[in-house]
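Each chain, letter by letter, is given below.
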Amino acid sequence: MYQKWQYWNTASRKWLWILVALGLLASIPIIADRVKTESSSKKVEIVFDYRDLTEAASYQAHPQDYLNEQLDRLKQAGVNSMAMYESTLDDFRKAGRVVTYTTQNVADLEKRLSPANENFTYVVFADKENAEALKPLIERTFTSLGINVKPWSYQGQEGLVVETSPEDAYLKPMQPDPIAMKQLRSKGFFIVPRMSDSLPYNEKLTEEMLASFQQNGVKRILFEGDSVKGFTDNEKEHSLAAFAKLLNKYDIGLAAIENLKKPQAGFNRLAYDIHYNVVRLYSLSDKDSTLDVETLADRFALATKDRNIRMLYLNTAPTRSVAEAKVKDSVDNLVHSLDKPGNAIQRMENKGFELGQAEPFKVVDSSIQRYLKVVVVLGALAFFSIMVSYFAPVLTLLVFVVGLVGSAGLYVLNSSLMEQGLALLAAISGPTVAMVIAVRTVRIKHEQELSTGQRLVQTLILYVRTAILSLAAVPFVIALLNSIAYSLVLNQFRGVGLLHILPIFLAAVYIFFYRGVSIREEISKLLRTPITVLWVVALAVIGAAGLYYLSRTGNAGTVSNTELVFRNFLENAFGVRPRNKEFLMAHPLFIAGAFLALKYRKAIYLLIIAAIGQASMVDTFAHIHSPAALSLSRGLLGLGLGLLLGIIAIVVWQVLEGCWKKWSPQLKR
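These lines cover the structure that appears in this document, whether it is placed above or below. It should be emphasised that the depicted structure is a prediction, and the values quoted were computed from it without experimental measurement.

### Considerations on the packing of aromatic side chains
At step 1: Scanning all chains against the criterion turns up 16 aromatic pairs.
At step 2: Summarising the aromatic geometry, the rings of phenylalanine 223 and phenylalanine 243 are spaced 6.2 Å apart at their centres and angled 65° between planes, so their arrangement reads as edge-to-face. Highlighted residues: phenylalanine 223 in strand E8 (residues 220-223) and phenylalanine 243 in helix H11 (residues 239-249), separated in sequence by 20 residues.
At step 3: When its relative accessible area of 0% is taken as the criterion, phenylalanine 223 is described as buried.
At step 4: By relative accessible area, phenylalanine 243 is classed as buried at 0%.
At step 5: Pairing tyrosine 463 with phenylalanine 590 gives two aromatic rings, centres 5.9 Å apart and planes at 50°, and the pair type is tilted. Here phenylalanine 590 lies in helix H26 (residues 580-597) and tyrosine 463 lies in helix H19 (residues 452-471), a separation of 127 residues in the sequence. Neither residue differs from the other here; tyrosine 463 and phenylalanine 590 are each classed as buried.
At step 6: Ring-pair connections join several aromatic residues into one group, and the members of that group are Tyr101, Tyr122, Trp152 and Tyr154.
At step 7: If you follow arginine 13 out to its NZ or CZ, it ends over the ring of tyrosine 390, 4.3 Å from the centre.
At step 8: The ring of phenylalanine 353 carries the charged tip of lysine 42 above its face, separated from the ring centre by 4.8 Å.

### Here we look at the pairing of strand E2 (residues 81-85)
At step 1: Among the five residues in E2, five count as buried, and that is most of the element.
At step 2: Side chains of E2 alternate between two faces, with Ser81, Ala83 and Tyr85 and Met82 and Met84 buried alike.
At step 3: Inspection of the sheet shows strand E1 (residues 43-49) paired to E2 by three bridges, in the parallel sense. If you follow valine 47 over to E2, its bridge partner there is serine 81.
At step 4: Alignment of E2 against strand E7 (residues 190-195), held across five bridges, turns out to be parallel. Residue pairing across strands places tyrosine 85 opposite arginine 194, the latter belonging to E7.

### What about the environment of serine 87?
At step 1: Within the secondary structure, serine 87 is located in the loop between E2 and helix H4 (89-94).
At step 2: Dropping the residues within four chain positions of it, serine 87 is found in contact with Phe92, Lys172, Pro173, Met174, Gln175, Pro176 and Asp177.
At step 3: Within the structure, the side chain of serine 87 is placed 2.9 Å from the backbone nitrogen of aspartate 177, a separation counted as a polar contact.

### Digging into unusual backbone geometry
At step 1: Cis rather than trans, the peptide bond between lysine 340 and proline 341 has omega equal to 5°.
At step 2: Here proline 341 is to be found in the loop between helix H14 (331-338) and helix H15 (344-350).
At step 3: Notably, asparagine 259 is not glycine yet its phi reads approximately 60°, a positive angle.
At step 4: Within the fold, asparagine 259 resides in the loop between strand E9 (253-257) and helix H12 (267-273).

### Some remarks on the packing of helix H18 (residues 415-446) against helix H20 (residues 473-480)
At step 1: Close contact between H18 and H20 brings their axes to 8 Å; oriented N to C, the two are set at 170°. As judged from the angle between their axes, H18 and H20 are roughly antiparallel. Taken together, the residues of H20 that come into contact with H18 (itself represented by Glu419, Leu422, Ala423, Ala426, Ala427 and Gly430) are Ala473, Phe476, Val477 and Leu480.
At step 2: The residue makeup of the contact of H18 with H20, split by class, is eight nonpolar, one polar and one charged.

### Quick word on the environment of leucine 456
At step 1: Here leucine 456 lies in helix H19.
At step 2: Each C-alpha atom of the pair leucine 456 and leucine 598 lies 9.4 Å from the other, and the pair is 142 residues apart in sequence.
At step 3: Excluding residues within four positions of it along the chain, leucine 456 makes contact with Phe595 and Ile650.

Parameters at a glance
Chains are numbered independently. Their residues run from 1 in the order of the written sequence. Where totals are concerned, whole chains, interfaces and linings use all residues; where local detail is concerned, this predicted model gives features only for residues with pLDDT of at least 70, and gives and counts side-chain atom pairs only at 80 or more. Excluded from the side-chain calculations are hydrogens and water; all other atoms, namely the structure's heavy atoms, are used. Aromatic rings from Phe, Tyr and Trp, taking only the six-membered ring of Trp, are treated as a pair when their centres fall within 6.5 Å; an angle between ring planes under 30 degrees marks them as stacked, one over 60 as edge-to-face, and anything in between as tilted. Helix and strand assignments follow DSSP, with helices taken as H or I runs no shorter than four residues and strands as E runs no shorter than two, numbered in order from the N terminus. To sort residues, take the accessible area from a 1.4 Å probe on protein chains only and compare it with the maximum for the residue type: under 20% means buried, over 50% means exposed, and anything in between is partly exposed. Charges are assigned to positions over rings by a cutoff of 6 Å between ring centre and Lys NZ or Arg CZ, combined with an angular limit of 35 degrees from the ring normal. At least two DSSP bridges between two strands are needed for those strands to be called paired. Only heavy atoms enter the contact rule, under which two residues are in contact if any of them lie within 4.5 Å. As used in this structure description, the phrase polar contact means that two N or O atoms lie within 3.5 Å; if the pair is within protein, one of them must be able to donate a hydrogen and the other to accept it, and residues adjacent in sequence are counted only when both atoms belong to side chains. In this analysis an axis means a line fitted to C-alpha atoms, helices contributing only their contacting stretch, and an angle means the value between N-to-C directions, from 0 to 180 degrees. Any angle that is under 35 degrees is reported as roughly parallel, and any over 145 degrees as roughly antiparallel; angles of 65 to 115 degrees are reported as roughly perpendicular and all others as oblique. Under the grouping applied here, Gly and all other residues not named as nonpolar or charged are polar, the nonpolar ones being Ala, Val, Leu, Ile, Met, Phe, Trp, Tyr, Cys and Pro and the charged ones Asp, Glu, Lys and Arg.

Keep in mind these values describe shape, not function.
Right, dumping it as structure tokens:
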């Protein structure tokens, strides 16, 4: 019975490979849909923080003149939108639109005693224009909060009495300053309002605000704080659904800020309810706005090209320069990065982008996708089962059957988790299977005692075949995670850390323990091996290298200034930047290691490090927010450059080996 079971497990590998091939074919239309989706939005919106600009202007001798001058410069440089926060009475006061008084101030002005039990806010409008624009806004805001508002005047100027303390009144947010909004619109800027969730959700006021936004050409809003508008009251009032309905009514979408420490609460729910009318936004902090012009230009250009960013948000802040004895800001620096000499705008346009109001991706989702994904799921399970068959052949069919049952159950409970799990298994299986087959091939060819030329040919064939097998995992990852939620990073591919580790670990296990004899024997032999100081040093070096490798993976990795310069050189030279660990280390090591292992048995250990490159190629496609075509270009360029460096390494080795053969006898004498 056991022998029969082993036979069926061995025979099943052929059928599993057929399922993998069918899964790859089924993924092609899905990949085509994703590429079409990614090419459907090419407009880039550059947004400047208007509050930052007004604060910087307030430090100048003539604030209004400075503000107008900088607005004109920014517009000319390519900034096409201004971000406006919700206004408060304090904002209106600082802008000179109103003058506020306390009860005691008014009593002093009118030369009377102040009422003992009154602490109100008295507001006087600077002129008739301000009164017409702001009076209704202030009245609606405070009366909606249950705070009484009465008319008042002082020396013929129209005003209001807000029956709450100035400290409290200053905190109440209203819609963005309508007068400033009108002025910005007259200069040709689009408006990107920033909304908060600080007040109870009021549907009537929210609709009035969105209607006003629509009249001013607003197409997208940005949230301020830790949650979206309506989140706090959602449990009782179902305010998120109500807010989403209003956003759809007025055709206003959202902006998702990249790399927030914590996602804004309620954002994903709101994005789903507005049918993902969302674009990704890169926010440049006021601190980073002082970086050198070239660095900023690179950031802007790469954000749009590499990460599907369609909104760039710029901040500035006034700083006191003791060296120059004046107050400075970074507006000049930002202008020069966008225009000359940084030429960020030109670089974006060269890549096919254009300035305008950011538009969401038009999702291409063919009706046949749901049926094709069933075949892709079977292919991914088959790929994983094939990987298992190389380590535990007796479990091959069992793994496939259990995988089918588990996937079906998980699909019912959480389809997204099922897709991510299978994508991860396929991503790990591709480079692992590729490396296992490479190791087996090297061991077989090693016995044939090939010539130098034959070893080179076999190495190159093996290099190409291994890369193709590793990249075979990519269509499964793309097809299983083909959702706009992943492209917008509203849903993230979890467990990618395992993709960095497991293929390398499994390749090492196979090289050490699967040598054609009993695994138990190999383990026993290893356990009996004396531990030397050299072993301890080697393990310490490997451990340190492993920690460094993990620290460089993902978004948290940091790079030196020298590496940044090198990356920029690659970007400018090739239009896309290959991964350093692939073309500088792993791919050349694969070529050199395979070439040497065909003659020297122990050189096969170099392939353990080379497995990093195979895993890295697949990992590039796990960054779903990067365009698939760009990820493919990056991987192929890395393979090409790695091939070139690998051949150079072989030539150097051959020269050194020839010198050693010629001179070593003399050295021994």
